[in-house]
Amino acid sequence: MTNYFNVINPATGEFIQEVKIDSEEEIIQAIKKGHESFKTWSKINAHERSRLIKKWSEKVTENKQEIAEIMTKENGKPLSESLGEVDYSVSYLDWYAEEAKRIYGRTIPANTESKRITVTKEPIGLVAAITPWNFPAAMMARKAAPALAAGCTFIVKPATETPLTGMKFIDLAHEAGIPKDAIQYVNGRGSLIGDIFTNSKYIRKITFTGSTPVGKELIKNSADTMKHVTMELGGHAPLIVAEDADLDYAAKQTVGTKFRNAGQTCVCANRILVHENVVDEFTEKFVAEVKKLNVGNGLEEGTDVGPIINEKGYEKIVEQIKNAKENGAEVMIGDKYDADKEKGYFFIHPTVLKEVTTDMTIMQEETFGPVAPITTFKTLEEAVELANSTPYGLAAYFFTNDYRTGTYLHDHLQFGIIGWNDGGPSAAHAPFGGMKESGLGREGGIEGIEPYLETKYMSIGGF
Ligand code: NAP
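Rules and cut-offs
- Residues numbered from 1 in each chain as written.
- Predicted model: local features only at pLDDT ≥ 70, side-chain atom pairs only at ≥ 80, totals over all residues.
- Heavy atoms only, no water.
- 1 Å grid on protein atoms, 1.4 Å probe; cavity = no way out; pocket = protein on both sides within 12 Å on 5 of 7 lines; lining within 4 Å.
- Points joined across faces, edges and corners; volume = space filled by probe spheres on them.
- Helix = DSSP H or I, 4+ residues; strand = E, 2+ residues; numbered from the N terminus.
- Nonpolar A, V, L, I, M, F, W, Y, C, P; charged D, E, K, R; others polar.
- Domains from an automatic or database assignment.
- Pairing = 2+ DSSP bridges.
- Buried < 20%, exposed > 50% of the residue type's maximum accessible area, 1.4 Å probe, protein only.
- Near = heavy atom within 4 Å.
- Polar contact = N/O pair within 3.5 Å; in protein donor to acceptor, adjacent residues only side chain to side chain.
- Sits in = over half its atoms within 2 Å of the grid points.
- Contact = heavy atoms within 4.5 Å.
- Phe/Tyr/Trp six-rings, centres within 6.5 Å; stacked < 30°, edge-to-face > 60°.
- Lys NZ or Arg CZ within 6 Å of the ring centre and 35° of its normal.
- Core = buried A, V, L, I, M, F, W, Y, C linked by side-chain atoms within 4.5 Å.
- Lys, Arg positive; Asp, Glu negative; His and termini not counted.
- Salt bridge = Lys/Arg side-chain N within 4 Å of Asp/Glu carboxyl O.
- Buried area = accessible area lost by both parts, 1.4 Å probe.

1. Details of the layout of surface pockets
So, step 1. Of the voids in this model, the largest pocket is the one considered here, and its volume is about 1200 Å³.
So, step 2. Those elements that provide at least two residues to the lining of the largest pocket are α7 (190–199), β8 (203–209), α8 (212–222) and α11 (311–326).
So, step 3. Tallied by class, the residues present in the lining of the largest pocket amount to 15 nonpolar, 16 polar and 10 charged.
So, step 4. The residues that make up the lining of the largest pocket include at least three from each of domain 1 (4–233 + 438–460) and domain 2 (237–427).
So, step 5. Within this model, the second largest pocket holds a volume of roughly 380 Å³.
So, step 6. What lines the second largest pocket is a set of 20 residues, among which Tyr88, Phe135, Arg260, Thr265 and Ser426 lie closest to the centre.
So, step 7. Take the lining of the second largest pocket: its biggest share by element is five residues, from helix α4 (residues 79–99).
So, step 8. In terms of residue class, the lining of the second largest pocket is made up of eight nonpolar, seven polar and five charged.
So, step 9. Residues lining the lining of the second largest pocket come from more than one domain, with at least three contributed by each of domain 1 (4–233 + 438–460) and domain 2 (237–427).

What follows is the structure in structure tokens.
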């Protein structure tokens, strides 16, 4: 019997489409096809692989509006953000289409005249990806593009909330001429497919974006077959506003980094640390900006903040706000809800909390929602201590026009991505990824293709 799951519009609770759940046998067959396909795809020359990925990028661009509408329907984000995400995904396809041609080896001077030493790079094999719902196109593109560019074959399991965007993306890869078995998708529950992927001897690498507990499980389960792993996991980003910061600019940038995708991003500010001498002025400016945000269905023009993805996410955020209030936090704006459990939609209005303390759950756990908790600091040392006091180490932001403050913060913050007067540092040409429990490895930049390559060293003797 064929099983299906329903994709639901989180802004209305309405049914969008049913998607077939692949059986274990079908997934194993897909893995075998990916493994077989590696034998031919890895031997296609880099310029041809590059041309095909470029063609894929063109197909995605031609279909930008349609993809963005699918994304907004299944994820809820405003259409303008979905259009932006399609562009962002295309930037990864374009970047790695170019990088395919720059997979260089090297020669090493030998310590004797009778030898030559060369180092070459080879694709590692079939790659399996598991992607989240919050950026259904970009998180897939930045794994698939370097994998294919390196000569690996690729199989992805998209999140069950948002499979349609990824499926459309992969259909377009096939239309562009990338062989069907070189890039595939399978659908079903993450925990089941995760086990099939990690148990398979054909899969040489697991690349995952999602929560830290699932990432840890995948690493453990990959040990028996010694797979390569890249992990883009959770975050709890600090955003520091120094005493000298341009507060108007900082307030506007903080709105961008906090409320994009209704706060459901792994790099969004989750601990806003403001110098005590400017906290009142900053909060006033910030709240004035937050007031301008419109909450609603992402398909309607003028919407800035869409729904929370599901009830579980909603309950977690509501609980964090409640816990903060019970422990003395002051609500400056928000704490307003528009939810219907029967119908299945959950909106939280942008919320700003002041007088937040480190013992509140919002300061310890990832929020993944439109809530901005503000706390204060006296000295830079204290700001750094507060910022670093989390197991996560993905993104950190600070606002200052003093180069000494900026340099000090850069040197002391334990995070993989730093935005100095920049609330949106992500870019295909830069390495994205976290320290500590935020992950392993980097995606994007010249670093992003390395995890798909093996190094082979050859010593030639007898000269
Ligand atoms: P999640 O529960 O970890 O799910 C992410 C993906 O993993 C989904 O495809 C999910 O499939 C699958 N999955 C769930 N349980 C699994 C298991 N036991 N084994 C294998 N796969 C499994 O996370 P989420 O709630 O969807 O996404 C939000 C999280 O992702 C946040 O923690 C956020 O910080 C993180 N994130 C990180 C980055 C980054 O680049 N660092 C970017 C975006 C998001 P199902 O849909 O079938 O459950």
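2. Overview of the sheet that holds strand β5 (residues 126–130)
So, step 1. Judged by pairing direction, the sheet is mixed, and its six strands sit side by side in the order β7-β6-β5-β8-β9-β21 without closing on themselves. Across the chains shown, the open sheet's two edge strands, defined by having one partner strand only, are β7 (183–185) and β21 (439–440).
So, step 2. For β5 and strand β6 (residues 153–157), the ladder comprises five bridges, and the chain directions are parallel. Pairing of valine 127 across the sheet is with phenylalanine 154, part of β6.

3. Focus on the pairing of strand β14 (residues 345–348)
So, step 1. A two-sided burial pattern is seen for β14, the buried positions comprising Tyr345 and Phe347 on one face and Phe346 and Ile348 on the other.
So, step 2. Taken together, the four bridges between strand β13 (residues 337–340) and β14 define a ladder with antiparallel strand orientation. Bridge pairing links alanine 339 to phenylalanine 346 in β14.

4. A look at the site of the ligand
So, step 1. Around the ligand lies a shell of 33 residues, among which Thr131, Trp133, Ser211, Cys266 and Glu366 are the nearest.
So, step 2. Taking arginine 189, its side chain carries an N or O atom lying 3.0 Å from an oxygen atom of the ligand.
So, step 3. Contact between the ligand and glutamate 366: an oxygen atom at 2.5 Å from a side-chain N or O atom of the residue.
So, step 4. For the ligand, the cavity whose grid points lie within 2 Å of the majority of its atoms is the largest pocket.
So, step 5. Two domains each put at least three residues into the shell around the ligand: domain 1 (4–233 + 438–460) and domain 2 (237–427).

5. Re unusual backbone geometry
So, step 1. Phi angles above zero are rare outside glycine, and aspartate 335 is one such case at about 60°.
So, step 2. Here lysine 436, not a glycine, exhibits a phi torsion of approximately 50°, which is positive.
So, step 3. Structurally, lysine 436 is set in strand β20 (residues 435–436).

6. A few points about the environment of glycine 445
So, step 1. Take glycine 445: it is sitting in the loop between β21 and β22 (453–460).
So, step 2. With relative accessibility at 0%, the residue glycine 445 sits in the buried group.
So, step 3. Note: C-alpha distance between glycine 445 and aspartate 181 (264 residues apart in sequence) is 26 Å.
So, step 4. Not counting residues within four places of it along the chain, the set of residues in contact with glycine 445 comprises Trp95, Tyr96, Ala428, His429, Ala430 and Pro431.

7. Considerations on the packing of aromatic side chains
So, step 1. Within this structure, the stated rule accounts for 10 aromatic pairs.
So, step 2. Considering the side-chain rings of phenylalanine 282 and phenylalanine 286, the 5.6 Å spacing of their centres and the 15° angle between planes classify their relative orientation as stacked. With phenylalanine 282 and phenylalanine 286 both in helix α10 (residues 279–291), this residue pair falls four residues apart, about one helical turn.
So, step 3. Sitting above the plane of the phenylalanine 463 ring, arginine 116 keeps its charged end 4.4 Å from the centroid.

8. Focus: the side chain of threonine 160
So, step 1. Note that threonine 160 resides in the loop between β6 and α6 (163–175).
So, step 2. Accessibility expressed as a relative area gives 14% for threonine 160, which makes it buried.
So, step 3. Not counting the four nearest positions on each side in its chain, threonine 160 is found in contact with Phe5, Gly188 and Arg189.

9. Concerning the nonpolar core
So, step 1. By size, the foremost hydrophobic cluster in this structure holds 59 residues, and its most contacted members are Ile240, Ile272, Phe282 and Phe286.
So, step 2. In this structure, isoleucine 240 is in contact with Leu273, Phe377, Ala383, Ala387, Tyr397, Phe398, Phe399, Leu409 and Leu413, ignoring residues within four places of it in sequence.
So, step 3. Membership of the second largest hydrophobic core comes to 47 residues, among which are Ala100, Ile170, Ala173 and Ala428.

10. Describing the pairing of strand β16 (residues 371–377)
So, step 1. Counting buried positions over the seven residues of β16 gives six, a clear majority of the element.
So, step 2. Note: strand β11 (residues 269–275) against β16, four bridges, orientation parallel. If you follow isoleucine 272 over to β16, its bridge partner there is isoleucine 374.

11. Some words on the side chain of glutamate 366
So, step 1. Relative to the helices and strands, glutamate 366 is located in the loop between β15 (351–354) and β16.
So, step 2. Notably, glutamate 366 is buried but unbridged: the nearest opposite-charge side chain belongs to lysine 316, and the N-O separation is 5.2 Å.
So, step 3. Setting aside residues up to four positions removed in sequence, glutamate 366 forms contacts with Gly234, Gly235, His236, Cys266, Asn270, Lys316, Gln320 and Tyr392.

12. Observations concerning α7
So, step 1. For α7, every residue scored as buried is listed here: Ile193, Gly194, Ile196, Phe197 and Thr198.
So, step 2. Packing partners of the buried residues in α7 comprise α1 (24–41), β5, β6, β8 and α8.

13. Overview of the domain arrangement of the protein
So, step 1. By the assigned domains, the protein splits into domain 1 (4–233 + 438–460) and domain 2 (237–427).
So, step 2. Distance from the C-alpha centre of domain 1 to the C-alpha centre of domain 2: 30 Å.
So, step 3. Contacts between the two partners involve 25 residues from domain 1, matched on the other side by 28 residues from domain 2.
So, step 4. Contact with domain 2 buries surface across domain 1, with Pro10, Trp133 and Ser438 losing the most and accounting together for 24% of the total.
So, step 5. At the boundary of domain 1 with domain 2, the tally comes to seven residue pairs in polar contact (both at pLDDT 80 or more).
So, step 6. Of all elements in the fold, only α3 (64–75) and α4 reach the threshold of two or more residues within the side of domain 1 that touches domain 2.

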